[in-house]
Amino acid sequence: MVRAILTDIEGTTSSISFVKEVLFPYAAHYLPAYVREHADEPVVAEQLQAVRVAIKEPEADTDRVIAVLLNWIREDRKATPLKTLQGMVWKHGYQSGAYQAHVYPDAAQKLREWHAQGLPIYIYSSGSIAAQKLFFKYSGAGDLTPLFSGYFDTTTGPKQEQASYAAIVQAIGLPAQEILFLSDVAAELDAAKAAGLQTCWLVRPQDNPQNPAVCAQGPHPAVTSFNEIRVNP
Ligand SMILES: [Mg+2]
């Protein structure tokens, strides 16, 4: 019996390439102008100050801080001030219609069906909760946020650790074995299964070169789209 769904985003509901090929380049391109334009706003000023502290250059001017941020993007550094500023630039991009988040049609349709059946749906992604909400609010499949009962990010814990799933089970308030976790990453599924959740491996040919039939021989049922996921048949 499945009484709640917990799903990953990248490679699961959505293509990996949208984040890599659209979101990150957009942030890199517009971050300098955005920072210069909004440098006096408290939230932005706070992030710039955090960068100065991190690099131990209290006198660094805005141009220097921007150069550091761009370098952090190239290094894929997960620094909080960078993530916060990227989030602000992405929000601006979504709101201005520069792009819409990608959601596979099969995923959007199934999520709507499950929601209509009264199944609570939760998101667990390494992107911040604020970024997750923007993603689904401005998706190519429309505003999907009304479908979700809650969001989890890495403030709950890393996605490949059993304890993170135990914490999510606590927060959802259902027995672990009644929660179905969907992901494209085997190590995440392993951690969820160890915490007692049901699992399903999304092996989308667009995102994952592995053979789904081979994947299905492992401990997790494997599917190539949400259409193949059977919940309480
Ligand atoms: Mg993923």
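Not measured: the values here are computed from a predicted model. In this numbering scheme, every chain counts its residues from 1 along its sequence in written order. In view of the model being predicted, local features appear only for residues whose pLDDT reaches at least 70, and side-chain atom pairs are presented and counted only at 80 or more, with totals across whole chains, interfaces and linings using the full set of residues.

A. Quick peek at the nonpolar core. To count as a nonpolar core, a set of buried Ala, Val, Leu, Ile, Met, Phe, Trp, Tyr and Cys residues must be joined through C-beta atoms within 7 Å. Exposure classes come from backbone-placed C-beta atoms, where a residue is buried if 20 or more other C-beta atoms lie within 10 Å of its own, exposed if 12 or fewer do, and partly exposed in between. Of all hydrophobic cores here, the largest spans 56 residues; its most connected members are Leu6, Leu69, Trp90, Ile179 and Phe181. It is helix H4 (residues 80-95) that provides the largest number of residues to this core, a total of six residues. Lining this core are residues from two domains, each supplying at least three of them: domain 1 (4-16 + 101-228) and domain 2 (20-95). Residues are defined as contacting one another if the C-beta atoms placed from their backbone atoms lie within 7 Å. What Leu69 contacts, discounting residues up to four positions off in sequence, is Leu31, Val51, Leu82 and Leu85. To qualify as a helix, a DSSP run of H or I must reach at least 4 residues; to qualify as a strand, a run of E must reach at least 2; elements of each kind are numbered from the N terminus. Domain start and end points were adopted from an automatic or database domain assignment.

B. Fine view of the domain arrangement of the chain. Taken domain by domain, the chain holds domain 1 (4-16 + 101-228) and domain 2 (20-95). One C-alpha centre belongs to domain 1, the other to domain 2; they are set 29 Å apart. Across the boundary between the two partners, domain 1 contributes six residues, which contact six residues of domain 2. Broken down by element, the residue count for the side of domain 1 that touches domain 2 peaks at three residues, all from helix H6 (residues 129-137).

C. Highlighting the sheet that holds strand S3 (residues 148-152). We treat two strands as partners when DSSP finds at least two bridges between them. The sheet built from six strands is open, its strands ordered S3-S2-S1-S4-S5-S6 with parallel pairing. Two strands close off the open sheet at either side, each with one partner strand: S3 and strand S6 (222-223). In this structure, strand S4 (residues 179-183) lies alongside strand S5 (residues 198-202), joined through four bridges in parallel fashion. Bridge pairing in S5 places Leu182 opposite Cys200.

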